[in-house]
Structures are given as C-alpha cells and as structure tokens.
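Listed here are the chains, written in short residue letters.
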Amino acid sequence: MPDTAAVLNRLDQDRDGALARLFELIRLRSISTDPAYAEECRKAADWLAGDLASIGFEAKAHATQGHPIVLAQDHDAEGPHLLFYGHYDVQPVDPIELWEADPFNPEIVTREDGSQAIRARGASDDKGQVMTFVEACRAWKTVAGRLPCKITMVIEGEEESGGASLPPFLEAHRDALGADIALVCDTGMWDTKTPAITTMLRGNTTEEMTIHAASRDLHSGIYGGVAANPIHVLTRILSALHHDDGRIAIPGFYDGVPDLPADLRQQWDGLGFSPESFLGEIGLSQPWGRHGHSALEHLWSRPTAEVNGIWGGYTGAGFKTVIPADAHAKVSFRLVGDQNPERIRGLFRQFVEDRLPADCRASFIGHGGGHATRMPLEDPAFAKARQALSDEWGTEAAFIGSGGSIPVVAQFKSILGLDAMLIGFALDDDRMHSPNERYGLASFQKGARSWARVLAALA
C-alpha cells in the first residue's frame with residue numbers, strides 16, 4: 001500500500017471536485033417525511049449508488065416499503081471488513097422564511113468566528129458527513145487502486161422519518177453485512193479543534209399517562225373541594241418522581257446503572273466543560289439535580305426522568321371554572337447501562353398506581369423504547385482510530401458520550417451482532433434540523449482526511 005501521505009495529498013488536490021460532488025447531492029431535495037419528495041429521495045439514492053459505482057464499488061439502490069437503501073461493497077482488500085452507515089434523507093426546511101437563501105442551493109458562508117461553512121439543508125446532517133467517507137475512499141482508490149480494508153456501505157433514506165425500512169433490510173441482507181465493526185458518521189466533534197469518538201449512547205422509554213376521575217367535567221363552584229381533581233393528582237405524582245436533590249425516586253430505577261470508569265471520568269474532567277456556559281446559552285445559570293455527579297456525567301452516563309408535556313381542563317382563551325374529568329402527561333426516561341426499557345416502564349406504572357387516591361384510575365400508552373449502548377473500548381480498533389484522529393487534528397481525540405439515542409447502533413448490535421464506532425465532524429452550532437443549517441468547510445475537508453487516516457489505521 002502507498003504511504004497514507006499520498007492519499008492525504010490527493011484529497012487536498014481534489015478539494016474543488018469533492019465540494020462540487022457534495023453540492024450535487026445537496027441539491028436533491030430528499031425530504032423523507034413528506035411524500036411529495038419521494039422521487040427526490042429516489043434520485044438521491046440513485047446518485048449515491050452511481051457515484052460509488054464510478055469508483056469501483058458494487059453499488060445498488062434497493063427498493064423498500066419506504067425510500068431506497070443504498071448497499072455498496074468493495075471487498076478487494078485483505079484487511080478487516082468495515083460496515084459504514086449514513087443517511088441521505090434530510091429534515092423539512094420549515095419555516096422557510098427564516099432561511100437566508102434557498103435551502104437546497106448550497107453556498108459557502110462565513111461563520112461568526114470567521115471560518116467558512118457550507119450552508120444548505122443536509123450539509124451537516126447527513127450528506128456532508130457521508131461524503132467525507134466517500135471522498136476518503138475515492139482518494140484511496142485513485143492513489144492505491146484499492147481500499148486498505150474491505151468496506152460495505154449502507155446509506156438509508158428514512159433516518160429523519162423513523163427508519164422503518166432499515167431493520168428488515170438488515171435482516172434480509174445479514175450475510176452480506178457481516179463485518180468486524182460498524183462505522184457511523186451521524187455524530188460530531190467535541191469542539192472545533194478536538195475530534196471525538198462517541199462511545200456511549202443512552203437508551204429511552206416513553207410513556208403517555210392519563211389520570212381519570214369523575215365521569216364528566218364538573219362545575220368547580222358546585223363540586224370544588226369535594227370531587228377529586230385529576231390535575232392535582234397528576235401533578236402530585238409527577239412532583240414525586242424526583243427527590244429534592246434530583247435523584248429519581250422510583251424504587252429499583254437505578255438497578256443496572258454502572259459507575260463511570262475512573263479513567264473515563266478523568267478524561268471527561270479534562271475536557272474543560274463549563275456547565276454555566278452550556279446553560280447560559282439557553283438563559284439558565286445553574287445545573288439542576290447534581291447529587292454527586294458532574295454535569296457531563298449527567299448528560300452522558302446517568303439516567304433521567306423528564307416530563308415532556310402536561311395538559312388537562314380548559315386551556316383556551318378566557319376562563320372556564322371547570323374540574324376536568326381527565327388529566328394527561330407525557331414522560332420520558334433516558335436509560336444507561338443495563339437498564340431494561342420495559343422494566344422501567346413497568347416500574348413507572350407501578351409508581352403511579354401506588355399513588356392514586358380513591359375514585360381515580362390511570363391508563364397508559366407506551367410510545368416505544370430502546371436499550372442504552374456502550375462501546376467496547378478495550379477493542380484495539382478504538383485506540384487506533386483515536387490516534388488517527390489525533391494525528392490529523394493535532395489535538396488528542398476524546399472519547400465522549402451522547403445524551404441521545406441513535407437507533408441504528410442498537411440495530412447493528414441486535415441484528416448483526418456488530419459493535420459500532422461513532423466518528424463524525426459536525427459541530428454544536430451546525431443548526432441541524434433548523435433554518436440555515438451549515439457544515440464547516442474544515443469539517444468536510446479534514447473529515448475526509450481523518451477517514452483516510454482511520455482506514456489506514458484499522459487496516
């Protein structure tokens with residue numbers, strides 16, 4: 001194999017070509033949630049399959065019950081087999097009036113810090129991220145004639161609209177997708193100078209609950225003080241979810257929650273995270289409910305219980321003196337470690353039932369859930385990839401967590417038996433899902449160089 005430096009040099013020489021290809025893909029309005037854009041989604045899948053075929057991949061856009069999924073394979077190398085995942089679909093652009101230009105006409109703009117960025121829907125999430133990997137493969141193929149590793153790519157078109165077609169696709173193509181490790185690009189950097197590998201994702205459980213009391217809404221002047229008010233009952237139960245220090249009060253809730261390894265805690269402490277600055281951006285000042293853990297631990301490695309919505313009674317203009325028959329709330333739990341989503345659901349429901357007064361009952365609607373994911377940092381691949389990223393950016397790459405969930409990571413584990421390495425180059429201010437989405441030019445260019453180094457390191 002040639003020196004990796006030759007591949008990096010090729011990427012630098014072809015920056016204009018890489019940008020032109022990304023702009024081509026961005027111009028396809030692949031909004032997956034809106035049926036009006038189904039043809040645009042198909043065009044995006046076909047474009048990717050064609051581009052990958054042009055550099056030697058066996059590539060096809062496979063029809064599904066929803067939008068196509070691109071499957072591309074190049075197994076000429078003798079190295080390990082890597083499965084790369086990304087998505088070509090994008091979020092709707094509403095509200096369109098807040099965009100400074102056509103969302104699907106990509107432009108280079110200057111950010112507040114003076115750096116340049118690509119402004120367009122999908123620039124960061126996830127077309128720019130996908131093309132960093134594609135461009136790294138293109139450079140390897142151009143310089144060396146082959147890739148340093150066996151590579152399979154799965155690029156879906158429903159990540160932004162539920163991803164219903166992906167699990168059956170993974171099941172149907174299980175044999176073709178058997179790899180050593182998965183690579184997921186739909187993630188980001190720690191900051192503009194520090195690359196990162198996300199090594200843990202929280203799971204979740206979501207519940208909708210209703211407290212029922214009287215058989216109909218009641219006049220509060222006639223029944224007030226005597227009839228049970230379900231809003232009172234509901235709010236008392238919700239307020240009992242947490243102790244005063246923020247710790248969740250559901251019995252058995254913390255079973256399966258691991259302690260953070262000391263070396264990882266030390267690394268996180270060294271990231272210089274300021275909870276005051278983090279909260280200051282949203283008009284808050286102090287972390288809530290720390291109870292013995294740092295703010296980063298709470299964001300990445302501790303479970304949560306949050307009330308996401310609450311309603312009942314009369315909420316229109318003016319006033320109506322009513323005691324409602326029902327009151328409602330939506331509650332979500334972020335899970336870590338070995339917490340089982342269905343067990344947490346059961347514990348929550350029992351917690352509610354145990355606090356119901358006479359004449360009241362509760363009903364529940366479950367809205368799904370998933371297990372937390374923790375990557376095997378003892379796998380040498382993680383250390384190799386971390387070193388490759390550090391070499392490119394000149395700053396030691398961080399192992400970080402994520403407060404959210406990425407369902408495909410759990411699907412790779414449950415369906416294919418694969419662990420995943422999450423490497424991406426998005427930044428917190430990329431405005432993903434919002435008007436004027438953008439992707440740093442450095443993220444795109446150095447992201448491609450980073451992937452070229454990672455492929456060499458993993459080989």
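Look up a bit, the structure's there.
Rules and cut-offs
- Residues numbered from 1 in each chain as written.
- Predicted model: local features only at pLDDT ≥ 70, side-chain atom pairs only at ≥ 80, totals over all residues.
- Heavy atoms only, no water.
- Helix = DSSP H or I, 4+ residues; strand = E, 2+ residues; numbered from the N terminus.
- Expected span 1.5 Å × (residues − 1).
- Buried < 20%, exposed > 50% of the residue type's maximum accessible area, 1.4 Å probe, protein only.
- Pairing = 2+ DSSP bridges.
- Axes fitted to C-alpha atoms, helices over the stretch in contact; angles between N-to-C directions.
- Contact = heavy atoms within 4.5 Å.
- Salt bridge = Lys/Arg side-chain N within 4 Å of Asp/Glu carboxyl O.
- Phe/Tyr/Trp six-rings, centres within 6.5 Å; stacked < 30°, edge-to-face > 60°.
- Lys NZ or Arg CZ within 6 Å of the ring centre and 35° of its normal.
- Polar contact = N/O pair within 3.5 Å; in protein donor to acceptor, adjacent residues only side chain to side chain.

Asker: Looking at this structure, how should I read helix 4 (residues 127–144)?
Answerer: Since the α-helix packs 3.6 residues into each turn, any two residues three or four apart lie on the same face. A rise of 1.5 Å per residue sets the reference length of helix 4, with its 18 residues, at 26 Å; its end C-alpha atoms lie 25 Å apart and thus fit the reference within 8%. The buried fraction of helix 4 is high, at 15 of 18 residues.

Asker: I'm lost on the sheet that holds strand 13 (residues 326–335) in this one. Help?
Answerer: Strand pairing in a sheet takes place through backbone hydrogen bonds and is either antiparallel or parallel in direction. Pairing in this open sheet of four strands is antiparallel, and the strands run 11-13-9-14 from one edge to the other. Either end of the sheet is taken by a strand with one partner, and the two such strands are strand 11 (304–312) and strand 14 (361–370). Adjacent strand axes in the sheet meet at a mean angle of 15°, parallel and antiparallel pairs treated alike. In terms of strand pairing, strand 9 (residues 203–212) meets strand 14 through eight bridges, oriented antiparallel. When the sheet's bridge partners are listed, Thr210 is paired in strand 14 with Ser363. Here helix 7 (residues 230–239) sits on the sheet in contact with strand 9, strand 11 and strand 13, set at roughly 15° to strand 13. Contacting strand 9, strand 13 and strand 14, helix 11 (residues 341–353) runs over the sheet at an angle of about 160° to strand 14.

Asker: Teacher, can you tell me more about the pattern of salt bridges here?
Answerer: Opposite charge on two side chains makes pairing possible when the charged atoms of those side chains draw close. All chains considered together, the criterion is met by 29 salt bridges. When the shortest N-O distance is used, the salt bridge between Glu392 and Lys446 registers 2.9 Å. Of the two residues, Glu392 is situated in helix 12 (residues 380–393) and Lys446 in helix 14 (residues 441–458); the sequence distance between them amounts to 54 residues. Its relative accessible area of 7% is what places Glu392 among the buried residues. Accessibility expressed as a relative area gives 23% for Lys446, which makes it partly exposed. Among the salt bridges present, the one from Asp429 reaches Arg438, with a minimum N-O distance of 3.3 Å. Within this structure, Asp12, Arg15, Glu392, Lys446, Arg449 and Arg453 form a network of salt bridges that share partners.

Asker: What exactly am I supposed to notice about the packing of aromatic side chains here?
Answerer: What characterises a pair of aromatic rings is the spacing of the ring centres plus the angle enclosed by the ring planes. Within this structure, the stated rule accounts for 14 aromatic pairs. Note on Trp190 and Phe273: the rings are 6.2 Å apart at their centroids and 55° apart in plane angle, and the pair reads as tilted. Linking Trp190 in the loop between strand 7 (181–184) and strand 8 (196–201) with Phe273 in the loop between helix 8 (262–269) and helix 9 (275–280), this pair joins segments that are 83 residues apart in sequence. What makes Trp190 buried here is its relative accessible area of 17%. Here the aromatic rings of Trp393 and Phe425 are separated by 6.2 Å at their centres, their planes lie at 15°, and the arrangement is stacked. With Trp393 in helix 12 and Phe425 in the loop between strand 17 (420–423) and strand 18 (438–440), this pair connects stretches of sequence that are 32 residues apart. Looking at Trp393, the relative accessible area reads 13%, which means it is buried. On the basis of relative accessible area, Phe425 is assigned to the buried category, the value being 1%. Linked through ring pairs, Phe84, Phe133, Trp393, Phe425 and Trp451 together constitute an aromatic cluster. Lying across the ring of Tyr254, Arg247 places its NZ or CZ 3.9 Å from the centre.

Asker: What is the right way to read the side chain of Asp51 from this model?
Answerer: Among the structural elements, Asp51 can be located in helix 3 (residues 38–54). Reaching out from Asp51, the side chain makes a polar contact with the side chain of Arg138 at a distance of 2.8 Å. In this view, Asp51 contacts Arg21, Met131, Val134 and Arg138; residues no more than four positions away in its chain are not counted.

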